[in-house]
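Secondary and tertiary structure notes
Listed below, chain by chain, are the residues.
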Amino acid sequence: MPADSRIYNSDRLARFYAQSRPPVHDAICTKLFAALPQGCEVWSALDIGCGAGASTAALARRAMHVTGIDPYLPMLRQARRRLP
């Protein structure tokens, strides 16, 4: 089911989303990267539906190159503020 653009295509919601997400992204990435073989380097990561960039930022601390994509420009603006 696609996200409702009447909700997510909003600067107000994107600002709130960027400020109010629970701090779980680093913990999730820690578990994800711990499951990789020892010494494995991650060169590239893609965050599909990156929203305000919380998971993108967590991935950027562990991968050489990270790309975040989202269908809503207000969300991408928030992600760019977090990761210029």
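Placed above this text is the structure.
1. Notes on the environment of Leu76
Mapped onto the elements of the fold, Leu76 is located in helix 5 (residues 73–82). Contact partners of Leu76, with chain neighbours within four places excluded, come to Cys50, Gly51, Gly68, Ile69 and Asp70.

2. Re the pattern of salt bridges
Applying the stated rule across the entire model yields 3 salt bridges. The shortest N-O distance in the salt bridge between Asp11 and Arg77 comes to 2.7 Å. Here Asp11, found in helix 2 (residues 11–20), pairs with Arg77, found in helix 5; they are 66 residues apart in sequence, far enough to count as distant. The partner of Arg61 in a salt bridge is Asp26, and the shortest N-O contact between them spans 2.8 Å. Here the residue Arg61 occupies a position in the loop between helix 4 (54–60) and strand 2 (63–69), and Asp26 occupies one in helix 3 (residues 25–34), the gap between them amounting to 35 residues. Classification of Arg61 as exposed rests on a relative accessible area of 54%. One network of salt bridges, in which partners are shared, links Asp26, Arg61 and Arg62.

3. Remarks on the environment of Arg80
Structurally, Arg80 is set in helix 5. With 28 residues separating them along the chain, Arg80 and Ala52 place their C-alpha atoms 8.1 Å apart.

4. A closer look at helix 3
Within the span of helix 3, buried status applies to His25, Cys29 and Phe33. Buried positions in helix 3, seen along its axis, are confined to an arc of 60 degrees and lie on one side of it. Of the exposed residues in helix 3, the ones pointing more than 90 degrees away from its buried face are Ile28, Lys31 and Ala34. Residues of helix 3 that are buried make contact with strand 1 (42–48) and helix 4.

Rules used throughout
Residues numbered from 1 in each chain as written. Predicted model: local features only at pLDDT ≥ 70, side-chain atom pairs only at ≥ 80, totals over all residues. Heavy atoms only, no water. Helix = DSSP H or I, 4+ residues; strand = E, 2+ residues; numbered from the N terminus. Contact = heavy atoms within 4.5 Å. Salt bridge = Lys/Arg side-chain N within 4 Å of Asp/Glu carboxyl O. Buried < 20%, exposed > 50% of the residue type's maximum accessible area, 1.4 Å probe, protein only. Arc of directions from axis to C-beta.

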